[in-house]
Amino acid sequence: MKRSFRPFRSVRARTALFATAVVALALVVAGTAVVWALRGNLVSQADLQAEVTARDIASQIAVGTPYDKLELPDGDGSPVQVVDPHRRVRAVGEGLQAITVTSATAVTPVAAPAPAATAPRSSDDDHDDDRDDDNDDRNDDNDDRDDHENGDSDDNDDNDGDDDSGSIPGRGEVSGDVDHMTGRATVNGRTADYRFAAVRATSPFGETATVYAGAPLATEQRAVRTVVTAMLIGLPLLLAVVAGVTWLTTRRALRPVEDIRAELSAITASSDLARRVPEPDSHDEIARLAATTNRTLAALEASVEQQRRFVADASHELRSPIASLRTQLEVAAAHPELLDLEGAVQDTVRLQDLAADLLLLARLDAGEQPQAVPLDLDDLVREEAARRADALPVRVTLETPVRVDGSRSRLARVLRNLLDNAQRHATGSVTVTLHTEGTTAVLRVADDGPGVPVAERERIFERFVRLDDARTRDDGGAGLGLAIVRDVVRRHGGDITVGDAPGGGALFEVRLPLSEDHRARESAGPVVRPEGRTGDEPKAGRRRD
């Protein structure tokens, strides 16, 4: 079946897209910051240039140079306008044809009246002269005001009107304040944007004028356009490079993952669990993933192999009693007088026990958890020991009470299997002890038999394992008893070990966690069982057939 191509389901595609988006965002932010910084720097330079020109002209006014004698820029494209407090234009630069932003939009100078005296006058006289000039030129002032109201004045409200922003300098002085604004002007037939500086100056005769001088913004605009154009051209190319490099790098980084996936797919198709995925030498997360995968495959292979052996051994163990039973039945059918009824019953019981063991192991392998209820483990030990009164004697030493959480039937199965194993190998006696150590119940089952060799102490808990010199199929089981004991004990949160008994033989030790009820009663003080039993003598009980 052909797979449809879905690029955004690929890790490489998503990584490349994400990296490209991040780089694009970073470049846009950085580019915007660069453009603003460049523009601000160039505007500052234009401000400085305009301020120098304005202060130079203002200095001429401060020393008493008449307006028509002012040295203004000669046709260099820098607009200049000198305006008095009544918005009358007193001087303009050469070639100026139109101007905005300033307090007066006129570009034709108005002749100033000759001063009455050359000596400085008092401030009161200055105010009188200003009042007279205001009355003489009221019409001109009204015309200029009309022009201002019709939108011909500057676009900056802080610098139009009566030019009352900033401080008024004294006679023969230039104001230390300067106002900057952006506007348009037409010089020698060319209209462009300018950065204007407004500086006030007062002549020795007490007349205050505002000098507007502009510096062109063409350099700033060309530089910004150049930078923006370069960014618009370079940004896509850079993003394409980032996307390509990210794609190739991610592809190379994920190549081991693809090799692992391909090998796992081949293992799944072939069911050959002996194969392993390749482990790269990078010692990174992918290498650790490959190592973990190989460990998982090894564990799975061991589990499958164990399952195969289990099935083979189970088939072999089942085949023997079934074949024996069939043989006896066939003989009985042909010769009723030769029927071995006792042997047939024994084979049937053996077959029934083996089937029960296999069913229990299957449930344990399936993860079935025991139904945990509080139970008295000491009582359970007494009952199981009492059922063996006619067999090899069992000496029981118990600490009462000992309560654990678990399944009564499962823990009884543990005791039966341990006692069966001990009585099968003991030569004279079996000893069972039960006591507590901290929060743990400790059950020990010892016999005086040959014991278990150290090399076999782990192997005897495997399924269908019988030591060569320990038992035969006729006088022993199928090799499932101790495997069931270990699985049941571990399902109850405990563990089992085997060692040497003090008097020789094997010692099996089972450790189970005490129940919460037992711990609570111990914390409250010593507990005495109401019956007053010490546990030294086993109770009588019904024998299990």
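Residues numbered from 1 in each chain as written. Predicted model: local features only at pLDDT ≥ 70, side-chain atom pairs only at ≥ 80, totals over all residues. Heavy atoms only, no water.

The chain goes by histidine kinase in an unreviewed UniProt entry, where it is assigned to Streptomyces thermogriseus. Taken directly from UniProt, the Subcellular location (unreviewed entry) text for the chain runs: "Cell membrane". (UniProt positions renumbered as here; feature names shortened; annotations may be inferred.)

(A) Geometry of unusual backbone geometry. The phi torsion at Asn 188 lies on the positive side, around 55°, for a residue other than glycine. A relative accessible area of 47% places Asn 188 in the partly exposed class. One non-glycine residue with positive phi stands out, namely Ser 271, at about 60°. With respect to the secondary-structure elements, Ser 271 resides in the loop between α4 (218-270) and α5 (285-334). Under the relative-accessibility criterion, Ser 271 is labelled exposed at 53%. (Buried < 20%, exposed > 50% of the residue type's maximum accessible area, 1.4 Å probe, protein only. Helix = DSSP H or I, 4+ residues; strand = E, 2+ residues; numbered from the N terminus.)

(B) Seen up close, the UniProt feature "transmembrane region" (unreviewed entry) in the chain. UniProt feature "transmembrane region" (unreviewed entry): in the numbering of this structure it lies at residues 227-248. With 100% helix and 0% strand, the stretch residues 227-248 has end C-alpha atoms that lie 31 Å from each other.

(C) Geometry of the environment of Asp 353. Structurally, Asp 353 can be placed in helix α6 (residues 341-365). With relative accessibility at 40%, the residue Asp 353 sits in the partly exposed group. C-alpha of Asp 353 to C-alpha of Ala 478: the two residues are 125 residues apart in sequence and 9.6 Å apart in space.

(D) View of the pattern of salt bridges. In total, this model carries 28 salt bridges according to the counting rule given. Its salt-bridge partner being Glu 263, residue Arg 275 comes within 2.9 Å of it at the nearest N-O pair. Taken together, the positions of Arg 275 in the loop between α4 and α5 and Glu 263 in helix α4 put the pair twelve residues apart, joining distant regions of the chain. Close ionic contact of Arg 382 with Asp 378 constitutes a salt bridge, the shortest N to O distance being 3.2 Å. A residue pair is termed a helical-turn pair when its members lie 3 or 4 positions apart in one helix, as Arg 382 and Asp 378 do in helix α7 (residues 377-386) at four residues. (Salt bridge = Lys/Arg side-chain N within 4 Å of Asp/Glu carboxyl O.)

(E) Geometry of the confidence of the model for the chain. Overall, the predicted model of the chain reaches an average pLDDT of 80, with 81% of residues at or above 70. Here helix α3 (residues 138-152) is the element of the chain with the lowest mean pLDDT, 41, and strand β14 (residues 506-513) is the one with the highest, 94. Counted against residues more than four places away or in other chains, residues 116-165, with its pLDDT under 50, gives 65 contacts. Low pLDDT (under 50) marks residues 530-545, which in the prediction has 25 contacts with non-local residues, meaning those over four places away or in another chain. (pLDDT = per-residue confidence, 0-100. Contact = heavy atoms within 4.5 Å.)

(F) Main features of the sheet that holds β14. Read across the open sheet, the five strands follow the order β9-β11-β12-β14-β13; overall the sheet is mixed. Both outer strands of the open sheet, β9 (394-398) and β13 (495-500), are each paired with one neighbouring strand and no more. Across the sheet, the axes of successive neighbouring strands diverge by a mean angle of 15°, strand direction being ignored. When strand β12 (residues 440-447) meets β14, the two strands line up antiparallel, connected through seven bridges. (Pairing = 2+ DSSP bridges. Axes fitted to C-alpha atoms, helices over the stretch in contact; angles between N-to-C directions.)

(G) Representation of the side chain of Thr 202 in the model. Structurally, Thr 202 can be placed in strand β6 (residues 190-202). In this structure Thr 202 comes out as buried when scored by relative accessible area, which is 2%. Of the polar contacts made by the side chain of Thr 202, one reaches the side chain of Thr 208; its length is 2.9 Å. Leaving out residues up to four positions away in the same chain, Thr 202 has contacts with Ile 61, Ala 62, Ile 168, Pro 169, Gly 170, Arg 171, Gly 172, Glu 173, Glu 207 and Thr 208. (Polar contact = N/O pair within 3.5 Å; in protein donor to acceptor, adjacent residues only side chain to side chain.)

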